[in-house]
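Topology and contacts: notes
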Amino acid sequence: MNGLFSEVFISSLVSGGVIAGIPLIYAGLGEAISERAGVLNVGLEGMMLGGAYGGFVGALHFHSTWFGLLSGGLTGMIISLFMVVLCVRLNSNQIVVGIAITLGAEGVTALLHGAIYADTYPRVPVVHPYAIPFLSNIPIIGPGFFNHHISAYLAVVVVFFVSWVLKSTGIGLSIKAAGDQPHALEAAGGGVHRIRTISVLSTGLLAGLGGSFIVLVGAGLFVPFITNGKGFLAIVLAMLVRGRVRWLIVAGVLFGMSLSLTTALQLAGIDVPIDLVLMLPFVLIIVVLFAFGRRSYLPAALALPYDREQR
Amino acid sequence: MSALHDETTVVAAERVSAIEGRLTRIGRSMATAMIPVIGAFVIGGLLLAVLGRNPFSFYGNVIHHGLIGSLGRQETLIRMAPLLLIAAGLMIAFPAGIWNLGTDGQYVMGGVIVADLGPELAPHFSGFVLFTTLFVVGFAVAAIWSLIPAILKAWYGINEIISTLMLTFIGLRFSAFLVKEYFYDRETTVPQTRVLAVADRLPRMFSSRVHIGLVVGFVAVIAVHFMMRNTAFGLRLRIVGMNPKAAIHAGMNMKALTLAIFTLSAGFAGLAAAVNIAGVDGVVRAEWNPAVGLLVVPLVFLARFHAASVIAFIAAFAVFQVGGESASRKADIPNFMVLFMVGLLLVFMALGEYMQLRSSRKH
Amino acid sequence: MVLANELTPSVELIGITKTYPGVVANSDIHLTLRPGEVHSLLGENGAGKSTLIGILSGMVQPDAGEIRIKGETVRINSPRDALERGIGTVYQHSLLVPTLTVLDNLLLGVDQGWKLGRDAAKARLQEVSTLLDVEIDPSSVVGDLALGQRQQVEIVRALWRGEGVLILDEPTSMLTPQGAEKLVQVVRRLVSNGLAVVFITHKLNEALDLGDRVTVLRRGKIVGEVTPAELQNRSRAQITDEVLKMIFGEKSDASYAAFASQVSETADETFRVDHLSVEGSGPHPVLDNVSFTLKRGEILGIAGIDGNGQKELAEVLAGQRHADSGEIILDDQSIQNLSIAARQAKGIRYVTDDRHGEGTVGPLSIALNIVLKRVGEVPFWRWSLVRHSSIREFARKLIHDHDVRAPHEEVAISTLSGGNMQKVILARELALEPRVVVYNKPTYGLDARTTSLVLASIADQAKAGVTTVFISTELSEIVSICHRVAVMYRGKLSEPIMVRSGIELKLGALMTGSTTL
């Protein structure tokens, strides 16, 4: 049976939605942290792309998905160091530096990939999914949701961990203060620069993980510009969940589904202009922004550099 | 008599010293702009060395094919035309505090309509009317496209960084859809619009391939520079950029100004596309993504919205883009060096700005 | 109190100097803070008080000089250092995070790691609030608290890590008379427990009332000190006179005069506000059915504690905020639907209290800020082209007329002190034949002499026929220049009453909502 309610359509939509959504969740979570701390990280796309390439190289070198993820996360973190030095420490314009990071990462990854791997186009080790007992046996949607590589489940765990950190720890408190009233944090004896540094580095780590997930679990190989706007989508998701990071899980999978819609439609044999379908997630963002964006909460000191002697 | 004479010498001397002061200021700002450029070249060279390529021959090729060789120089000037127009648009938006990061989408949307319309109109209209119409259409289409983020911003307070970025992705896909479904040329196998005949394209100058679009670009940048600094409208935009609350308090019509900023800024991007299509390309393919808009953003920022610096940076960028293509081919690497260099340039620029700030604080 | 001299000083500043580009903020300051003593630091705006606090609290590093705490030379590198050495500061502008609870605000910066000692913190809060004799609910969100309560939270936080020195920066500027009374009690309790309190103010009477010792700063230097012995033994009038000379140099005329004159019985009613309401997200409306009528040349004072709808009323009158219902009538014509610019053209002026936020554009020159509301108008622009010479000439005239202290009209307005910035705003608003002027706290943060000049010019304008709405939290100012006064409380405006001597207490009661008319 073909059509929108066929099993093949739904299960490929769900499964593809999770695969495409997990990177959004990782990166969106990272962005949510730095936005809470007052740093608007437009370089997220670049950090994801760097993570994707770093993960690719790591996995090839060590023949291991896990080492790939690790090296991807570290690459993202190294790239975020630029943001730390320039925006947190030297108070440069966060948007311009964000664009620089994205452009630079696009350039350098495409260059390196082209110079080193363009002739061979190697593939990374195949990943083995882990089916969660019972849950994965739910008809139609079970395998789509609950039969993935462990790093996909890890994303959910990390979201809950970050949610707990923000709510119940001293670091979380300081992160929120750094975004809402940095002078208050400083006056209370906390270090705004220190907290923002930690936040941006975590963003880099998580964006790198998200990027390497695309390569290692999703695509199985690296091509230039593979993130294709996912970093920007993740920025919007972070803004939309307004600090309630657990909603990222739902939002990530939903937008993941809209990203994987073309494949699902093709599998189900439904003929729609492919360009319009590919447009969908971005249109969806505009619609969601319009519907909920007005109430979206952004920290008061977002995108503003912090200078102790100036008010 | 002698008193008068003295006075004129004093005035003359003052004028000379004023000119000298101005020159040193220009020199200093050139130096602060050059340091990031040199830094970017050094790090870029290191990357090339790591990849086993000779950076000196690479850069030599860039200069040779982008600037010295006559063909390359012409290509550089041709590339500059749309870049200058995009820059002119950003010189309006950024000082007004509007982060229009969607010039790529605006460019493509304007371009695709112009590409469809050009061959349609060409048989019926003479050169000047045809080009003016195409320019106006390109400008208008992009301006209308930008009404989406403009209205979202002005009426609903939705951040334009996000909406304009999203609309770039939408615009790229939508224009591909238009080309594949409606605008395609039935006589070709690849999805693309009909080609504007070479005879119907923009007139060329100095018996070279360089078309008058370059003049349009220069005029636009200089006119915007003048408008932002010397007119009431320009001052309003700068006030909105510096302190929007003060602009409201002073009774300025924020909604109208926001619409004006978006449509003007986007309109120049659409005009850029029209100039490029009517001047050189003559056609739009379905998967067309020039992706230059985001690259112009840092250049305009680095130039601090000053016409002379904008022109200088765009020229340098175009040289590197044109020369980089040949140099990359010769070095057998993909042509992404220019992306990386612009990223580096920005990083060094941010560093340079900080150094300058620190030294000015010390004195 | 006399015994205090024999104890080790809590803090000694020796030869502290701090310069900023073009300004010597502090020059060779010697200051000793003693336990059990309230030390008032008095001076005009720009006298260097803020820099001195910054140095004590670790926000600013001095260029030269020595700091000794309990006799030991130390460096205070950060606010954290200061707090750990028992120096706590309550800043003029609230430094609490409005989105967090009281408890979380207090924990901020203390517990920086994983664990958050909320229980221990509750105990400490109990301890400090007992010391202060105040009651604070640890779980309420700071943004919901009244200003007086917020200040108490700030004091608690300043003392959180140790009770040594408490610095209070203009602490009464946001408080009601009753709230200020409570603050005095708290301060007295603290010094009797052996703390040293530094009390920074530009109000002479407060400095003398509260301080056991008064030090006067002028242009970054200490210009005089009144010792406890002098304060006890000499007459108030004598001391006042002397201190005024220290603050302003030789000439001084800071005494308030009663400016108000009678409004003619026959003057016509020019400005009427009918049943204005603005919905709010909170428990009560932002504006609740506000009505009043003003005659030509009349000054209506609007008293009230900050945040009861005064600012919103001013914004509605100026056209910056949309009213949900009601009407504003000028000369029998409704101006309710007119834009801000159209109201300005009709002669409505709004002197905002938010000088930096909306009153001025910081990076622009004084001259351009003076024509900020006339961009594009002749003669400053012609054919839309700017005519700098005519703008500068106009600016020079206003700068001279309003006694703005600035090197010239082309400097960025952000380099001016608060008082001079306010003078520029007043000059701008009054330059073009105003009909109705709405003032929102026009003297906030100004020194006594400037305040007196500003009040005099408001009264003069009124005599010339300008109708005035004068919003202020300073009852003394309202009493000195207004014809009638009404009080705003939770969005409601009381019936205006004629100003007569001795109504301050009644107004104070209205301001806190404890009585209604």
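Residues numbered from 1 in each chain as written. Chains lettered and ligands numbered in written order. Predicted model: local features only at pLDDT ≥ 70, side-chain atom pairs only at ≥ 80, totals over all residues.

Topic: the overall build of chain B
We count it as follows: Only DSSP runs of H or I with at least four residues qualify as helices, and only runs of E with at least two residues qualify as strands; both kinds are numbered from the N terminus onward. Partly exposed residues are those whose C-beta has more than 12 but fewer than 20 other C-beta atoms within 10 Å; with 20 or more the residue is buried, with 12 or fewer it is exposed, and the C-beta atoms are placed from the backbone. In this description, a residue-residue contact is defined by the distance between C-beta atoms placed from the backbone, which must lie within 7 Å.
Secondary structure assignment for chain B yields 14 helices and 0 strands. Listed N to C, the secondary structure of chain B is α-α-α-α-α-α-α-α-α-α-α-α-α-α in terms of helices and strands. Residues counted as buried form 54% of the 363 residues belonging to chain B. Considering only residue pairs separated by 6 or more positions, chain B has 79% of its internal contacts joining residues 24 or more positions apart.

A closer look at the overall build of chain A
Quick note on the threshold: Both definitions apply: the radius of gyration is a C-alpha atom measure, and the globule rule equals 2.2 Å times residues to the power 0.38.
Each helix and strand in chain A was counted, giving 13 helices and 2 strands. Computed over C-alpha atoms, the radius of gyration of chain A comes to 20 Å, within 12% of the 19 Å expected from 2.2 N^0.38 for 311 residues, which places it in the range of a compact globule. Dimensions of chain A along its principal axes, counting C-alpha atoms only, are 65 × 45 × 40 Å. Within chain A, contacts between residues separated by at least 24 positions form 78% of all contacts whose residues are at least 6 apart in sequence.

Details of the interface of chain C and chain B
When the parts of a complex come together, some accessible area is lost, and that lost area is often taken as the interface size. Selection criterion: We call Asp, Glu, Lys and Arg charged. Ala, Val, Leu, Ile, Met, Phe, Trp, Tyr, Cys and Pro are nonpolar, and the rest, Gly among them, are polar.
With 22 residues of chain C at the contact, the number on the chain B side is 15 residues. Secondary structure elements with two or more residues in the side of chain C that touches chain B: α11 (340-345), α12 (355-359) and β18 (385-386) of chain C. In the side of chain C that touches chain B, the residues fall into 10 nonpolar, 10 polar and 2 charged.

Remarks on the packing of helix α1 (residues 7-36) of chain A against helix α7 (residues 170-180) of chain A
Each pair of packed helices can be summarised by the angle the axes make with each other and by the distance between the axes. Residue and element names in this part refer to chain A. Put simply, the rule reads: Note on geometry: axes are lines fitted to C-alpha atoms, helical ones only across the stretch in contact, with angles between N-to-C directions running from 0 to 180 degrees.
As a packed pair, α1 and α7 sit with axes 7 Å apart at the nearest point and diverge in direction by 65 degrees. Two secondary-structure elements touch here, α1 through Ile33, Glu35 and Arg36 and α7 through Ile175, Lys176 and Gly179. Counted by class, the contact of α1 with α7 contains 2 nonpolar, 1 polar and 3 charged residues.

A closer look at the interface of chain A and chain B
Contacts between the two partners involve 39 residues from chain A and, on the opposite side, 39 residues from chain B. Among the secondary structure elements, those contributing two or more residues to the side of chain A that touches chain B are α3 (65-89), α4 (94-117), α10 (230-241) and α13 (274-292) of chain A. No other element matches α4(A), which puts 15 residues into the side of chain A that touches chain B. Taken together, the residues of the side of chain A that touches chain B break down into 30 nonpolar, 6 polar and 3 charged.

A closer look at the pairing of strand β16 (residues 348-351) of chain C
Residues and elements named next belong to chain C. Just so we agree on the cut-off: Whether two strands pair depends on DSSP finding at least two bridges between them.
Neither face of β16 is open: one carries Ile348 and Tyr350, the other Arg349 and Val351, and all of them are buried. Two strands pair when backbone bridges link them, and β16 and strand β19 (residues 436-440) are joined in this way by 4 bridges, in the parallel orientation. Note that in β19 the partner of Ile348 across the bridge is Val436.

Focus on the domain arrangement of chain B
For the record, the criterion: A domain assignment, automatic or from a database, supplies the domain bounds used here.
Along its sequence, chain B is carved into domain 1 (1-53 + 339-363) and domain 2 (70-332). Every contact between the two is made by 7 residues of domain 1 of chain B and, on the other side, 6 residues of domain 2 of chain B.

A closer look at the confidence of the model for chain A
Let me state the cut-off plainly: Values of pLDDT, the confidence the predictor places in each residue, fall between 0 and 100.
Per-residue confidence for chain A averages 85 on the pLDDT scale, and 92% of its residues sit at or above 70. In the model of chain A, helix α5 (residues 141-146) of chain A stands out as the element of lowest mean pLDDT, 75, in contrast to helix α2 (residues 44-62) of chain A, which has the highest, 94.

Thoughts on the sheet that holds strand β7 (residues 165-169) of chain C
Residue and element names in this part refer to chain C. Read across the sheet, 6 strands follow the order β6-β7-β8-β3-β9-β10 without closing on themselves; strand pairing throughout is mixed. The sheet is open, and its two edges are formed by β6 (87-90) and β10 (221-226), each paired on a single side. Adjacent strand axes in the sheet meet at a mean angle of 20 degrees when their direction is disregarded. Judged from the 5 bridges that link them, β7 and strand β8 (residues 196-201) form a sheet pairing that is parallel. Within β8, the residue paired with Leu168 across the bridge is Phe199. The sheet contacts of helix α5 (residues 147-158) involve β6 and β7, and relative to β6 the element is tilted by about 165 degrees.

Considerations on the confidence of the model for chain B
All names here are of chain B. Model confidence for chain B is summarised by a mean pLDDT of 85, while 89% of its residues fall at 70 or above. Predicted confidence in chain B is weakest over helix α1 (residues 2-50), with a mean pLDDT of 69, and strongest over helix α8 (residues 213-230), with 94. This prediction of the complex comes with two scores: 0.82 for pTM and 0.82 for ipTM.

Quick notes on unusual backbone geometry
Of note, the bond from Val378(C) into Pro379(C) is cis; its omega dihedral lies within 30 degrees of zero at 5 degrees. In this structure, Pro379(C) sits in the loop between α13 (366-370) and β17 (381-382). You will see that His63(A), though not glycine, has its phi angle at about 50 degrees, which is positive. Its place among the elements puts His63(A) in the loop between α2 and α3. The exposure class assigned to His63(A) is exposed, which follows from the 11 C-beta atoms found within 10 Å. Although it is not a glycine, Arg304(B) sits at a positive phi angle of roughly 50 degrees.

Thoughts on the sheet that holds strand β12 (residues 287-295) of chain C
One key point about sheets: their strands pair by backbone hydrogen bonds, in either a parallel or an antiparallel sense. Residues and elements named next belong to chain C. Strand order in the open sheet formed by 4 strands is β12-β11-β14-β15, and the pairing between neighbours is antiparallel. The strands lining the two open edges of the sheet, one partner per strand, are β12 and β15 (333-334). The pairing of strand β11 (residues 269-278) with β12 spans 6 bridges and is antiparallel. Bridging across to β12, Val273 finds its partner in Phe292. Of the strands in this sheet, β11, β12 and β14 (325-330) touch helix α10 (residues 310-318), which is tilted by about 60 degrees from β12.

Overview of the pairing of strand β4 (residues 64-69) of chain C
Each regular strand carries side chains that alternate between the two faces of the sheet. Residues and elements named next belong to chain C. As judged from the 5 bridges shared by strand β1 (residues 11-20) and β4, these two strands associate in the antiparallel manner. When the bridges of β4 are listed, Glu12 appears paired with Arg68. As paired elements, β4 and strand β5 (residues 72-74) share 3 bridges and run antiparallel to each other. Note that in β5 the partner of Ile67 across the bridge is Val74. Linking two consecutive strands that pair antiparallel, namely β4 and β5, is a turn of 2 residues; a positive phi of about 50 degrees is found at Lys70 within it.

Observations regarding the nonpolar core
Considering soluble globular proteins, one finds that nonpolar side chains tend to be buried as a cluster. Quick reminder of the rule: To form a nonpolar core, buried Ala, Val, Leu, Ile, Met, Phe, Trp, Tyr and Cys residues must be joined through C-beta atoms within 7 Å.
Within the largest apolar cluster, 384 residues are counted, with the highest numbers of intra-cluster contacts made by Ala87(B), Met91(B) and Val300(B). In contact with Met91(B), other than residues within four places in its own chain, are Val221(B), Val224(B), His225(B), Met228(B), Val300(B), Phe305(B) and Val310(B).

Observations regarding the packing of α8(B) against helix α13 (residues 307-331) of chain B
Residue and element names in this part refer to chain B. Defined as follows: Angle categories are assigned with fixed cut-offs, so that under 35 degrees is roughly parallel, over 145 is roughly antiparallel, 65 to 115 is roughly perpendicular, and the rest are oblique. Crossing handedness is defined as follows: a turn of the near helix away from the far one that is anticlockwise and smaller than a right angle gives a left-handed crossing, while the clockwise case is right-handed.
Where α8 meets α13, the closest approach of the two axes is 9 Å, and the angle between their N-to-C directions is 150 degrees. One way to sum up the angle between α8 and α13 is to call them roughly antiparallel. Judged by the sense of rotation from one axis to the other, the crossing of α8 with α13 is right-handed. Residue-level contacts link Val221, Ile222 and His225 of α8 to Ala307, Val310 and Ile311 of α13. The residue inventory of the contact of α8 with α13, partitioned by class, reads 5 nonpolar, 1 polar and no charged.

Some remarks on the environment of Gln336(C)
All names here are of chain C. In this fold, Gln336 is placed in the loop between β15 and α11. In the structure, Gln336 is positioned 111 residues away from Asp447 in sequence and 36 Å away in space, judged by C-alpha atoms. Sequence-distant contacts of Gln336, that is, excluding residues within four places in its chain, are made with Glu327 and Ile328.

Some thoughts on α2(A)
How we decide: Here a helix's expected span is defined as the number of its residues, less one, multiplied by 1.5 Å.
Look at α2(A): 26 Å from first C-alpha to last across 19 residues, which is about the 27 Å you get at 1.5 Å a residue. Immediately downstream of α2(A), the backbone of His63(A) shows phi near 50 degrees, a positive value.

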